[in-house]
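Summary of the model geometry
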Amino acid sequence: MKQKFIMATALTLALAFAAMAQVAETSGEPVTESAAPDTAVVLSVAPPGEVIAQDTPNDAGSSVTIKWQRSADDVNGVPGFGGYNILRGTSPDGPFEVIGEATSGGDEGDQVYKTYLDNNAADGVSYYYAVESRLGDLASRTVTQSPVTSSQQWFNFNLINMLIATVFLITAILYYINSAKSGKKLYIRKIAGLEAVDEAVGRATEMGRKIFFIPGTSDMDNVQTIAGLTILARVAKLTAEYEARIDVPVSRSLVMVTAREVVKEAYLNAGRPDSYSDDMVYYLTDDQFGYAAGIDGLVVRQKPATIFYQGSFYAESLILAETGNSIGAIQIAGTAQPSQLPFFVASCDYTLIGEELFAASAYLSHEPKQLGSLKGQDLGKAVIMAALIIGFIIQVLGIFNFASLFSVAGG
Amino acid sequence: MKREIPLLIAGIVGTVLVIQYFIPHVPFGTLNDVFSDWFTVIQATAIWLGVLNLVKVAGDKVYKRQKDWQYSLIIIVCFLGITIIGFFFSGGRRFLDSGTAFTWLYDNVYNPLVSMMFALLAFFVASASYRAFRARNKEATILLVAAFLVMLGRVPLGDVLTNWLPNWLHMSNVASWIMNVPNMAGQRAIMIGIALGTVSTSLRMILGIERSYLGGE
């Protein structure tokens, strides 16, 4: 009798357990896959709490963000807790396939939740996600309540502050360009390095020596190289007018082609197309230090009277500038690489610091439209200065986190 | 037309690249990569222009026995030597595989030469510092003092000498403060100027106001 009672009780419990498991799986409740019923010690792992899956915002699609409340065993630091499996399926009842794993512990800044990014979701397909906590061979799973579909977004709202800043700056520049076109006089401060261009070319002419123009080690996709070539246009024109000789050793083939076009046009504009030769612009090597060695050799042997370094430079800047300095050449440098500026300042006679390199074209051409763009740039600078002062006061007073207005989320 | 078409291409590509920054949706989201790939293809193709130019200029010098023609001869010999070895003496393997003659030359000739050039920087830094740190005027004197404190703070001796002072006056802390506060403020000011200058220059190119890089005025 006693034996029958025990068997009936066991059967009832087993059926009740199976029914509960079925209900739990279909309703998104946790499912516990425990050890065999005859095991003396009850083994189980706490499932993750609520699992939320959503289309990753502000992205180009193919991504779903899965966030879940950490398992109680993870939170309590149960020994042997092995992290989480992330599973994906197209039906809440499965089948699910494992698409990734996540370690134990919470997100940075939010220890309650853990986040995983599924970057291989197909756009337009409805997925259900399950998160499984692991403890040895045990696993316990929670499934999302509703399906999620990834899609591409038409605007990245994380960049809204960047958009406002860009629109403001572009509007300011366009406004001042239009003002300049209507004949309004614009003041531009003297830039010593650019004022010295005429003197430097004149000096080389008087000494009967060459002028070297080094456009840096970056290619045409770097705006500094382009800014450098705008200065080359002016230097080459002066060289043509003074009948001096210019050499432009380059480290990129595309820069060579562009620089040739620039120099050729400058000689044409100066009325001396016959003095131009393709050999004025020549290629040395793409290799950074090979290029530096090549130029150093040329400088030491040919002893140019003037050397221009205009463009993007890296560790070779000081090697070049110190060699030029050692032969007594007048050197005018310009770069927007903050780390190389001190080297140029120490070794060259004049240095265009950062924005001065970009202002050179407008400064040298005196074209109103170009000068107008500088004025717009200055307005941008004024706004940034005002923001710095206001931001400093707000931050110090602790009113709100002013700096967050300028940060790019996810960037 | 020779100038209008490049200006148009620059304008369109520039505008599209600005727009794509804010729009992740296809086709905008992938355009940056597409243009980068195109640039890489053009860049790789154009390398031949440079190589041919190098051989032509050096060859001319040697042929005409111009001044210092011996250096040009070294360029030609090295260029042809490394090319022939890479193509024909790799023993049936890829020329970049380990154990090939090309790799041996790369590891034992090219790399030491590059390291030697880089090592020259140490001497050039010393000579440039000597000039820059001379106390000729007020600014140079401030630079000299700041540099002295930073250099002292970067070696153990700095802290040994200032151990008896309050913690914030320990030389390593003084050096860190100089680097993180006045130096960083100056660097950021320069970087803000650079960012604005880049936007302004890019806009001038997109609008076709800036044409010097195409050989125009």
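Cut-off values and rules
Counting starts from 1 at the beginning of each chain's written sequence and moves along it residue by residue. Written order decides the labels, with chains lettered from A and ligands numbered from 1. Selection of residues for local features in this predicted model requires a pLDDT of at least 70, selection of side-chain atom pairs for listing and counting requires 80 or more, and totals for whole chains, interfaces and linings are taken over all residues. Note: side-chain values were computed over all heavy atoms of the structure, leaving out hydrogens and water. Only when DSSP finds a minimum of two bridges between them are two strands counted as paired. For helices the rule is a DSSP run of H or I covering at least 4 residues; for strands it is a run of E covering at least 2, with both sets numbered from the N terminus onward. Orientation is described by lines fitted to C-alpha atoms, with helices fitted over the stretch in contact, and by angles between N-to-C directions that extend from 0 to 180 degrees. Throughout the structure description, domain borders are defined by an automatic or database domain assignment. In what follows, residue pairs with any heavy atoms lying within 4.5 Å of each other are defined as contacts. For salt bridges, the criterion is a side-chain nitrogen of Lys or Arg within 4 Å of an Asp or Glu carboxyl oxygen. Here a polar contact is recorded for every N or O atom pair within 3.5 Å, except that within protein the pair must consist of a potential hydrogen donor and a potential acceptor, and residues adjacent in sequence are included only if both atoms are side-chain atoms. The buried label applies to any residue whose accessible area, calculated with a 1.4 Å probe on protein chains only, is under 20% of its type's maximum; exposed applies above 50%, and partly exposed to all values in between. We score Asp and Glu as negative and Lys and Arg as positive, and we do not count His or the chain ends. In this scheme, a crossing is called left-handed if the near helix is turned counterclockwise away from the far one by less than a right angle; it is called right-handed if the turn is clockwise. Residues are grouped as follows: Ala, Val, Leu, Ile, Met, Phe, Trp, Tyr, Cys and Pro are nonpolar; Asp, Glu, Lys and Arg are charged; all remaining types, including Gly, are polar. Look down the strands so they point away from you; if going from the first strand over the helix to the second traces a clockwise path, that crossover is right-handed. Stacked, tilted and edge-to-face are the three classes applied to pairs of Phe, Tyr and Trp rings, where Trp contributes its six-membered ring and a pair requires centres within 6.5 Å; stacked means planes under 30 degrees apart, edge-to-face means over 60, and tilted covers the rest. Distance and angle both matter: a charge sits over a ring if NZ of Lys or CZ of Arg is within 6 Å of the ring centre and within 35 degrees of the ring normal. Each residue carries a pLDDT score, the predictor's own confidence in it, on a scale running from 0 to 100.

Next up on the list: the sheet that holds strand E6 (residues 113–118) of chain A. All names here are of chain A. Spatially, three strands are ordered E2-E3-E6 in an open sheet, and the strand pairing comes out antiparallel. Every interior strand has two partners, whereas the edge strands, strand E2 (51–55) and E6, have only one. Going across the sheet, the axis of each strand differs from the next one's by a mean of 20°, ignoring polarity. Bridge count between E2 and strand E3 (residues 64–69): five bridges; the pairing is antiparallel. Paired with alanine 53 across the strands is isoleucine 66, a residue of E3.

Our focus in this paragraph is the domain arrangement of chain A. Often, the extent of an interface is quoted as the loss of accessible area on bringing the components together. Domains assigned within chain A are domain 1 (51–149), domain 2 (157–185 + 376–406) and domain 3 (197–348). Each of domain 1 of chain A and domain 3 of chain A has a C-alpha centre, and the two are 57 Å apart.

The subject of this paragraph is the interface of chain A and chain B. Contact with chain A, which involves 75 residues of that partner, is made by 62 residues of chain B. Linking chain A with chain B are three salt bridges. There are 18 residue pairs in polar contact (both at pLDDT 80 or more) connecting chain A and chain B. Broken down by element, the side of chain A that touches chain B gets its largest block of residues, ten residues, from helix H6 (residues 253–269) of chain A.

So, on to the packing of helix H10 (residues 355–365) of chain A against helix H11 (residues 368–397) of chain A. Running from N to C, H10 of chain A and H11 of chain A point in directions that differ by 145°, and their axes come no closer than 8 Å. Where H10 of chain A approaches H11 of chain A, its residues Glu355, Ala359, Ser361, Ala362 and Ser365 of chain A are matched on the opposing element by Gln370, Leu371, Leu374, Gln377 and Lys381 of chain A.

Quick look at the sheet that holds strand E11 (residues 245–250) of chain A now. Residue and element names in this part refer to chain A. Ordered by their spatial adjacency, six strands build an open sheet running E12-E11-E10-E13-E14-E15, and the pairing between neighbours is parallel. Each edge of the open sheet is held by one strand with a lone partner, namely strand E12 (281–283) and strand E15 (350–353). On average, each strand axis in the sheet is tilted by 15° relative to the strand beside it, whichever way the strands run. Sheet topology places strand E13 (residues 306–312) next to strand E14 (residues 330–335); five bridges connect them, and they run parallel. Each residue of the ladder has a partner; that of glutamine 310, found in E14, is glycine 334.

Attention shifts here to the pattern of salt bridges. Residues and elements named next belong to chain A. Summed over the entire model, instances satisfying the criterion amount to 18 salt bridges over all chains. Aspartate 198 is the salt-bridge partner of arginine 234, the closest N and O atoms lying 3.6 Å from each other. Of this pair, arginine 234 sits in helix H5 (residues 223–242) while aspartate 198 is found in helix H4 (residues 192–207), placing the two residues 36 residues apart along the sequence. The shortest N-O distance in the salt bridge between lysine 381 and aspartate 378 comes to 3.4 Å. Taken together, the positions of lysine 381 and aspartate 378, both in helix H11 and three residues apart, correspond to about one turn of that helix. Each of the salt bridges in this network shares a partner with another, and the network as a whole consists of Arg88, Glu97 and Asp118.

Mapped onto the elements of the fold, aspartate 59 of chain A is located in the loop between E2 and E3. Within the buried set, aspartate 59 of chain A has no salt-bridge partner at all; the shortest N-O distance to an opposite charge, 12 Å, is to arginine 88 of chain A. At 3.2 Å, the side chain of aspartate 59 of chain A and the backbone nitrogen of glycine 61 of chain A are in polar contact. Contacts of aspartate 59 of chain A, omitting those with residues within four sequence positions, involve Ser151, Gln152 and Gln153 of chain A together with Pro24 of chain B.

Quick look at the packing of H11 of chain A against helix H7 (residues 171–206) of chain B now. Put simply, H11 of chain A and H7 of chain B touch, their axes get as near as 10 Å, and they point 145° apart. Crossing hand, H11 of chain A versus H7 of chain B: right-handed. Together, Gln370, Ser373, Leu374, Gln377, Gly380, Lys381 and Ile384 of chain A of H11 of chain A and Ile192, Gly193, Leu196, Gly197, Ser200 and Arg204 of chain B of H7 of chain B make up the contact between the two elements. Looking at side-chain class alone, the contact of H11 of chain A with H7 of chain B contains four nonpolar, seven polar and two charged residues.

What follows concerns the pairing of E11 of chain A. Residue and element names in this part refer to chain A. The buried count for E11 comes to five of six residues, which makes it a mostly enclosed element. Sheet topology note: the strand E10 (residues 210–216)/E11 ladder contains three bridges and is parallel. Residue pairing for E11: phenylalanine 212 is matched across the bridge by aspartate 247. Read as a crossover between parallel neighbours, the route from E10 over H5 to E11 is right-handed. In this structure, E11 lies alongside E12, joined through three bridges in parallel fashion. For valine 248, the partnering residue across the bridge sits in E12 and is valine 281.

This brings us to the pairing of strand E7 (residues 126–135) of chain A. Within a regular strand, the side chains alternate between the two sheet faces. All names here are of chain A. Most of E7 sits out of view: nine of its ten residues are buried. Pairing geometry for strand E4 (residues 81–89) and E7, over seven bridges, is antiparallel. Bridging across to E7, tyrosine 84 finds its partner in serine 133. Here E7 pairs with strand E9 (residues 148–149) via two bridges, running antiparallel. The residue of E9 that forms the bridge with serine 126 is threonine 149. Here E7 folds back onto strand E8 (residues 138–143) in antiparallel fashion, the turn holding two residues, of which glycine 136 has a positive phi close to 60°.

For the rest of this paragraph, the subject is the packing of aromatic side chains. Counting across every chain of the model gives 17 aromatic pairs over all chains. Aromatic side chains phenylalanine 155 of chain A and phenylalanine 157 of chain A sit 4.9 Å apart centroid to centroid with 80° between the ring planes, which places their arrangement in the edge-to-face category. For phenylalanine 157 of chain A, a relative accessible area of 55% puts it in the exposed group. Here the aromatic rings of phenylalanine 400 of chain A and phenylalanine 402 of chain A are separated by 6.1 Å at their centres, their planes lie at 70°, and the arrangement is edge-to-face. What links up through ring pairs into an aromatic cluster is the set Trp68, Phe81 and Tyr84 of chain A. The lysine or arginine in question, arginine 88 of chain A, covers the ring of tyrosine 127 of chain A, its NZ or CZ lying 4.7 Å from the ring centre. A cation over a ring is seen here: arginine 301 of chain A above tyrosine 71 of chain B, with NZ or CZ 3.9 Å from the ring centre.

A low pLDDT means the predicted coordinates there should not be read in detail. Residues and elements named next belong to chain B. Per-residue confidence for chain B gives a mean pLDDT of 90, with 99% of residues at or over 70. Helix H6 (residues 156–162) holds the highest mean pLDDT among the elements of chain B, 94, whereas helix H1 (residues 4–22) holds the lowest, 90. Overall fold confidence for the complex sits at a pTM of 0.82, while the interface term, ipTM, reaches 0.90.

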